Amino acid sequence: MVSLVTLADAARHQRIQNQHVALTQSAPDISHGLVVLKHEEFSVDGVQTIAHLSDDKPLLAHARNTAGDWAAQNSDDEIIIFLDADCLPGKHLIERYVQALDEHPHAVVTGPVTYLEAQDSTEQQVAKYCASPATLDAVTSPHPARPYPEEGTMFATTPDQYNVFWSLTFALRASTWKKIRAEWGGFDEDFKGYGGEDTDFGWKLREHDVELWWVGGAHAYHVWHPVSSPPWENLTDIVANANTFYEKWGQWAMLDWLKEFEAAGAVRRVKDRWELV
């Protein structure tokens, strides 16, 4: 059995509907679970609401842990796929993840991510992609920051590639998720809000010798939405989480963003901490 889990607030309601339509084209029997952020009330046909989270939780890390625990509650052989609310599944995403975990049952596996352009992310165009995920092939252009195996191939990560683990799209067996939760709690809920928790999770996979495999053909497609670079809307979270990461690992996460904030006069480094100015 396969469970796919995602997180969303009410602003992503249509994105979850789109995602579910796309999923049912390639995996009509999949179990699709949703953790609702900010304690908002909404539902999506065919998608099971796992939990509504309140604003006082460290939302992203806590929400991922809640989603993973729900999916892992039955069989240890259950395959759990995490997919970001803004992502559409490629036509072979589920099939390739299942194949990879059949070959490497104790691993975490992850696939390429294409960031769609604005013209490919209109409501009309996304509806076409959802109705026929094979049409996404024409816009496939995986993000260059991550490894990109060819279709039908996969390879194990190198130690330095754990740095670019993203929770946008990954999969593992329930037995592996339970081990991760038991040994270090899953996603670290000391990371509040946005930033750092993905890199921390990847580093802990490396520390605990959990294999990470890059899977060709397991494409996810991130639908365009406005962003700022650096992400000013998350400035406070990024500073706090960068300090948390340094306290744990003795190295900085998100350093490029911090330097951009520093150049703009928004933050400063005082010994081994970053502070808001």
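Structural data are supplied above this passage.
Residues numbered from 1 in each chain as written. Predicted model: local features only at pLDDT ≥ 70, side-chain atom pairs only at ≥ 80, totals over all residues. Heavy atoms only, no water.

1. Considering helix 4 (residues 123-131)
For step 1, the next point in the chain: The complete set of buried residues in helix 4 reads Val126, Tyr129 and Cys130. With its buried residues spanning 100° around the axis, helix 4 presents them on a single face. Facing away from the buried side of helix 4, by more than 90 degrees, are the exposed residues Gln124 and Ala131.
For step 2, the next point in the chain: Lining the buried residues of helix 4 we find helix 1 (13-26) and strand 5 (87-89). (Buried < 20%, exposed > 50% of the residue type's maximum accessible area, 1.4 Å probe, protein only. Helix = DSSP H or I, 4+ residues; strand = E, 2+ residues; numbered from the N terminus. Arc of directions from axis to C-beta. Contact = heavy atoms within 4.5 Å.)

2. Some words on the sheet that holds strand 9 (residues 169-173)
For step 1, the next point in the chain: Spatial ordering of the open sheet is given by 3-2-1-4-9-6-10-8, a layout of eight strands whose pairing is mixed. Of all strands in the sheet, those with a lone pairing partner are strand 3 (48-52) and strand 8 (154-156), marking the two edges. Taking the axes of each pair of neighbouring strands and ignoring which way they run, one obtains an average angle of 25° across the sheet.
For step 2, the next point in the chain: The pairing of strand 2 (residues 31-36) with strand 3 spans four bridges and is classified as parallel. Residue pairing for strand 3: Val35 is matched across the bridge by Ala51.
For step 3, the next point in the chain: Contacting strand 1 (2-8), strand 2, strand 3 and strand 4 (79-83), helix 2 (residues 59-71) crosses the sheet at an angle of about 155° to strand 1. (Pairing = 2+ DSSP bridges. Axes fitted to C-alpha atoms, helices over the stretch in contact; angles between N-to-C directions.)

3. Some words on the sheet that holds strand 7 (residues 113-115)
The strands that make up a sheet pair up through hydrogen bonds in the backbone, lying either parallel or antiparallel.
For step 1, the next point in the chain: Strands sit in the order 5-11-7 across an open sheet of three strands; the sheet is mixed. Looking at the sheet topology across the chains shown, the edges are occupied by strand 5 and strand 7. On average, each strand axis in the sheet is tilted by 25° relative to the strand beside it, whichever way the strands run.
For step 2, the next point in the chain: Sheet topology note: the strand 7/strand 11 (residues 220-222) ladder contains three bridges and is parallel. Among the inter-strand pairings, Tyr115 is bridged to a residue of strand 11, identified as His222.

4. Comments concerning the pairing of strand 4
For step 1, the next point in the chain: Counting buried positions along strand 4 yields five of five residues, so the element is predominantly enclosed.
For step 2, the next point in the chain: Burial of the side chains of strand 4 extends over both faces: Ile79, Ile81 and Leu83 are buried on one face and Ile80 and Phe82 on the other.
For step 3, the next point in the chain: Judged from the four bridges that link them, strand 1 and strand 4 form a sheet pairing that is parallel. Bridging across to strand 4, Leu4 finds its partner in Ile81.
For step 4, the next point in the chain: In this sheet, strand 9 lies alongside strand 4 in antiparallel orientation, the contact comprising five bridges. Across the sheet, the residue bridging to Phe82 is Phe170, located in strand 9.

5. A few points about the packing of helix 5 (residues 174-184) against helix 6 (residues 197-207)
For step 1, the next point in the chain: Packing of helix 5 against helix 6 brings their axes to within 12 Å, and their N-to-C directions diverge by 95°. Here helix 5 lies roughly perpendicular to helix 6, going by the angle between them. Between helix 5, through Trp177, Ile180 and Trp184, and helix 6, the contact on the second element is made entirely by Phe201, Lys204 and Leu205. (Parallel < 35°, antiparallel > 145°, perpendicular 65-115°, else oblique.)

6. A short note on the pairing of strand 12 (residues 267-270)
For step 1, the next point in the chain: Across four bridges, strand 12 lies against strand 13 (residues 273-276) in antiparallel orientation. Note on strand 13: the bridge partner recorded for Val267 is Leu276.
For step 2, the next point in the chain: Here strand 12 folds back onto strand 13 in antiparallel fashion, the turn holding two residues, of which Lys271 has a positive phi close to 55°.

7. Here's the deal with the packing of aromatic side chains
For step 1, the next point in the chain: Overall, the coordinates contain 15 aromatic pairs when judged by the stated rule.
For step 2, the next point in the chain: Look at Phe82 and Phe170: their rings are 4.5 Å apart centre to centre, the planes differ by 5°, and that puts the pair in the stacked class. Of the two residues, Phe82 is situated in strand 4 and Phe170 in strand 9; the sequence distance between them amounts to 88 residues.
For step 3, the next point in the chain: Ring plane angle 20° and centroid distance 4.3 Å describe the contact between Tyr246 and Trp252, whose orientation is recorded as stacked.
For step 4, the next point in the chain: The class for Trp252 is buried, based on a relative accessible area of 16%.
For step 5, the next point in the chain: By way of ring pairs, the aromatic residues Phe82, Phe165, Phe170, Trp177, Phe187 and Phe201 are connected into one cluster.
For step 6, the next point in the chain: A cation over a ring is seen here: Arg64 above Phe187, with NZ or CZ 5.2 Å from the ring centre. (Phe/Tyr/Trp six-rings, centres within 6.5 Å; stacked < 30°, edge-to-face > 60°. Lys NZ or Arg CZ within 6 Å of the ring centre and 35° of its normal.)

8. Here we look at unusual backbone geometry
For step 1, the next point in the chain: The omega torsion of the bond from Ser229 to Pro230 falls at 0°, within 30 degrees of zero and hence cis.
For step 2, the next point in the chain: Along the chain, the position of Pro230 falls in the loop between strand 11 and helix 7 (235-249).
For step 3, the next point in the chain: Positioned with a positive phi, Asp209 is a non-glycine residue whose angle comes to about 60°.
For step 4, the next point in the chain: Following the sequence through the fold, Asp209 ends up in the loop between helix 6 and strand 10 (212-215).

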